[in-house]
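What follows is each chain in one-letter form.
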Amino acid sequence: MTARLLEGKIFSAQIKEEAKTGVEEIKKNFGITPSLAVIIVGENPASKVYVRNKHKTCEELGIKSIVVEMSEHSTKEELIEKIDELNADKSINGILVQLPLPNEIKSHEEEILNRIDPLKDVDGFHPYNVGKLVTGSPTLVPCTPAGCLKMLDLAGIEIDGKRAVIIGRSNIVGKPMLHLLMSRHATVTVCHSHTKNLPEVTREADILVAAMGKPKFVTAEMIKPNAVVIDVGINRIAPKKLVGDVDFESAIEIASAITPVPGGVGLLTVAMLMQNVIKAAKLQLNI
Ligand code: GUN
């Protein structure tokens, strides 16, 4: 039997519909239009596609969107000045600096991201928001892991008491995913490049989250029969060929449910960003 396909477009449509209602309520009750500012530095082609998608989705939902395009050779000081300006601008609710930053300023990434007002930090990367998540009072949560959790909920997949295994320990996905699943009472293991006997560990998982950025790394032998497999990887293996971190063709034969790539959790990331813009607007309105 092949697995149930967890298609991103179905779930993202639901989340966006919810967000649209949220936008309308804020407009009606408070007379403001929720707004997002995205800063893109340089010419990374994948980043440009992501930023265009964010802009289009904002427009679709009635969120005001501005895109600040900065030169590849912008200095750390120029970027920080822009962030300070957006922090002070009361008409802007959410600020996002698209990653990766160009090599020239990559080493300052932490300082740059930490400059964003935590109440406008729609990526949920600021230490204040990370701390809130870890201590069990989540506010603005990173969009990709939040999207994975939302998808599990919308698909009616139980989390409480389940064994969850995450492969990858990044700040953007692996670590927040750990806290989200733990807060929902899963027993969670985080694996990474130094994990011994990885297949033995992953075969314990009722819910397996692959987020380490290695194309088709997770094969059927690493999956427990009937596990739910969430593939966060986006790997370009040829100019027009994207694959996930999971070997989809073999995994679909053993899992009970699986997300495809493309068309899986990636679509939920943008939808959750929209929800974070609304959340940020509400935090600023004190509601
Ligand atoms: N680049 C790839 N994923 C992300 C993300 O979640 N946030 C930002 N800011 N940049 C990214």
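Residues numbered from 1 in each chain as written. Predicted model: local features only at pLDDT ≥ 70, side-chain atom pairs only at ≥ 80, totals over all residues. Heavy atoms only, no water.

**Considering the site of the ligand**
Reasoning step 1: Around the ligand, the neighbouring residues are Leu-96, Val-97, Gln-98, Leu-99, Asp-123 and Phe-125.
Reasoning step 2: A distance of 2.6 Å separates a nitrogen atom of the ligand from a polar atom in the side chain of Asp-123.
Reasoning step 3: Classifying every residue of the shell around the ligand by side-chain character gives four nonpolar, one polar and one charged. (Near = heavy atom within 4 Å. Polar contact = N/O pair within 3.5 Å; in protein donor to acceptor, adjacent residues only side chain to side chain. Nonpolar A, V, L, I, M, F, W, Y, C, P; charged D, E, K, R; others polar.)

**Structural notes on the pairing of strand 3 (residues 64-70)**
Reasoning step 1: Across seven bridges, strand 2 (residues 35-41) lies against strand 3 in parallel orientation. Within the sheet, the bridge partner assigned to Ile-40 lies in strand 3 and is Glu-69.
Reasoning step 2: Crossover connection from strand 2 via helix 2 (residues 45-61) to parallel strand 3: handedness right-handed. (Pairing = 2+ DSSP bridges. Helix = DSSP H or I, 4+ residues; strand = E, 2+ residues; numbered from the N terminus. Right-handed = clockwise from strand over helix to strand, strands pointing away.)

**Quick notes on unusual backbone geometry**
Most peptide bonds take the trans configuration, and most residues that are not glycine carry a negative phi.
Reasoning step 1: Of note, the bond from Leu-99 into Pro-100 is cis; its omega dihedral lies within 30 degrees of zero at 0°.
Reasoning step 2: Within the secondary structure layout, Pro-100 lies in the loop between strand 4 (94-97) and helix 4 (103-106).
Reasoning step 3: The backbone of Asn-197 sits at a positive phi, close to 50°, despite the residue not being glycine.
Reasoning step 4: The phi torsion at Asn-226 lies on the positive side, around 75°, for a residue other than glycine.
Reasoning step 5: Among the secondary structure elements, Asn-226 is positioned in the loop between strand 7 (207-210) and strand 8 (228-231).
Reasoning step 6: The exposure class assigned to Asn-226 is exposed, which follows from its relative accessible area of 54%. (Buried < 20%, exposed > 50% of the residue type's maximum accessible area, 1.4 Å probe, protein only.)

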